[in-house]
Amino acid sequence: MILLTGATGYIGSHTWLALHAAGMPVVGIDDFSNSSPEVLRRLAALGADVSRFAQVDVTDRAALEQVFARWPIRAVVHFAAKKAVGESVAKPLLYYANNVGGTIALAEAMQAHGCQAIVFSSTATVYGQPKTLPVREGA
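Residues numbered from 1 in each chain as written. Predicted model: local features only at pLDDT ≥ 70, side-chain atom pairs only at ≥ 80, totals over all residues. Heavy atoms only, no water.

1. Notes on the overall build of the protein
The number of helices and strands found in the protein is 5 helices and 5 strands. Going from N to C terminus, the protein has its helices and strands arranged as β-α-β-α-β-α-β-α-α-β. The C-alpha radius of gyration computed for the protein amounts to 15 Å, which stays within 12% of the reference 14 Å derived for 139 residues, consistent with globular compactness. For the protein, the C-alpha atoms occupy an extent of roughly 40 × 30 × 30 Å along the three principal directions. Taking contacts inside the protein between residues at least 6 apart in sequence as the whole, the part at least 24 apart equals 70%. Surface exposure of the protein reaches about 8400 Å², of which carbon and sulfur atoms provide 57%. (Helix = DSSP H or I, 4+ residues; strand = E, 2+ residues; numbered from the N terminus. Rg over C-alpha atoms; globule rule 2.2 N^0.38 Å. Contact = heavy atoms within 4.5 Å. Areas by Shrake-Rupley, 256 points an atom, 1.4 Å probe, with all protein chains shown as cover.)

2. Section: the sheet that holds strand E4 (residues 75-78)
One open sheet holds the 5 strands; their spatial order is E3-E2-E1-E4-E5, and the pairing between them is parallel. The open sheet has two edge strands, strand E3 (53-55) and strand E5 (117-120), and neither has a second partner. In this sheet, adjacent strand axes meet at a mean angle of 15° when their direction is disregarded. Strands strand E1 (2-5), strand E2 (26-30), E3 and E4 of the sheet are contacted by helix H1 (residues 10-21), whose axis makes an angle of about 160° with E1. (Pairing = 2+ DSSP bridges. Axes fitted to C-alpha atoms, helices over the stretch in contact; angles between N-to-C directions.)

3. As for the pairing of E4
By the alternation rule, side chains of E4 split into Ala 75 and Val 77 and Val 76 and His 78, which are all buried. Bridge analysis of E1 against E4 gives 4 bridges, and the strand direction is parallel. Opposite Leu 3, over in E4, you have Val 76 as the bridge partner. (Buried < 20%, exposed > 50% of the residue type's maximum accessible area, 1.4 Å probe, protein only.)

4. Thoughts on the nonpolar core
Counting 19 residues, the largest nonpolar core has Leu 3, Val 67, Phe 68, Ile 73, Val 76 and Leu 106 as the members making the most contacts within it. Looking at this core, the elements with two or more residues in it are E2, helix H3 (61-70) and helix H5 (92-112). Beyond its immediate chain neighbours, meaning those up to four positions away, Ile 73 contacts Met 1, Leu 3, Val 27, Phe 68 and Cys 115. Residues Ile 2, Leu 40, Leu 43 and Ala 48 belong to the second largest nonpolar core, which totals 14 residues. (Core = buried A, V, L, I, M, F, W, Y, C linked by side-chain atoms within 4.5 Å.)

5. Comments concerning the environment of Lys 83
Locating Lys 83 in the fold gives a position in the loop between E4 and helix H4 (85-90). Lys 83 sits in the exposed class, given a relative accessible area of 56%.

6. As for the packing of aromatic side chains
The description of an aromatic ring pair rests on the distance of the ring centres and on the angle between the ring planes. By the definition in use, this model includes 1 aromatic pair. A centroid spacing of 5.5 Å and a plane angle of 35° characterise the contact between Phe 32 and Phe 53, whose relative ring orientation is tilted. Of this pair, Phe 32 sits in the loop between E2 and helix H2 (38-45) while Phe 53 sits in strand E3; the two residues are 21 residues apart in sequence, bridging distant segments of the chain. Each member of the pair, Phe 32 as well as Phe 53, carries the same accessibility label: buried. (Phe/Tyr/Trp six-rings, centres within 6.5 Å; stacked < 30°, edge-to-face > 60°.)

7. Examining H5
The terminal C-alpha atoms of H5, which comprises 21 residues, lie 29 Å apart, in line with the 30 Å expected from a rise of 1.5 Å per residue. Of all the bends found along H5, the most pronounced is centred on Gly 101 and spans about 30°. Within the span of H5, buried status applies to Tyr 95, Asn 98, Gly 102, Ala 105, Leu 106, Ala 109 and Met 110. One or two residues past the end of H5 sits Gly 114, with phi positive at roughly 70°. (Expected span 1.5 Å × (residues − 1). Bend = angle between axes of the 7 residues up to and from the residue.)

8. Re H2
Where H2 is concerned, the buried positions are Val 39, Leu 40 and Leu 43. Axial view of H2: buried residues confined to an arc of 100°, hence all on one face. In H2, the exposed positions that point more than 90 degrees away from the buried face belong to Arg 41, Arg 42 and Ala 45. Check the buried side of H2 and you find it contacts H1 and E3. Downstream of H2 by a residue or two, Gly 47 has a phi angle that is positive, lying close to 100°. (Arc of directions from axis to C-beta.)

Worth remembering: the numbers are spatial, not functional.
The following block contains the structure:
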């Protein structure tokens, strides 16, 4: 099973549909801080299996532990990050706690359960004109 963090966000929900279409069972988690439970109803209406969903804050290590204990997670797609530039300047500690602390909590839960595969999305925003496409991490 694939654990999808930020599962009801824009990118997360589209990824859920793509994983479902590829026949990969998804365990979704989200805290609804940037989304809505309505997304689950929409995913279900589009045919996705939303029965393996838990409302979890990615910084909550105990809740992550429960998710890993409940389902056999073999890989993670990690989209549970805050991304608003203006808000990140106004609330840097909130962003640090969620984006760095949440990733650390997730990595610790993964390690404790022998899960070694992760896809990590670092940002939703790219600035400037790329010299080449696709834009590589080093750009």
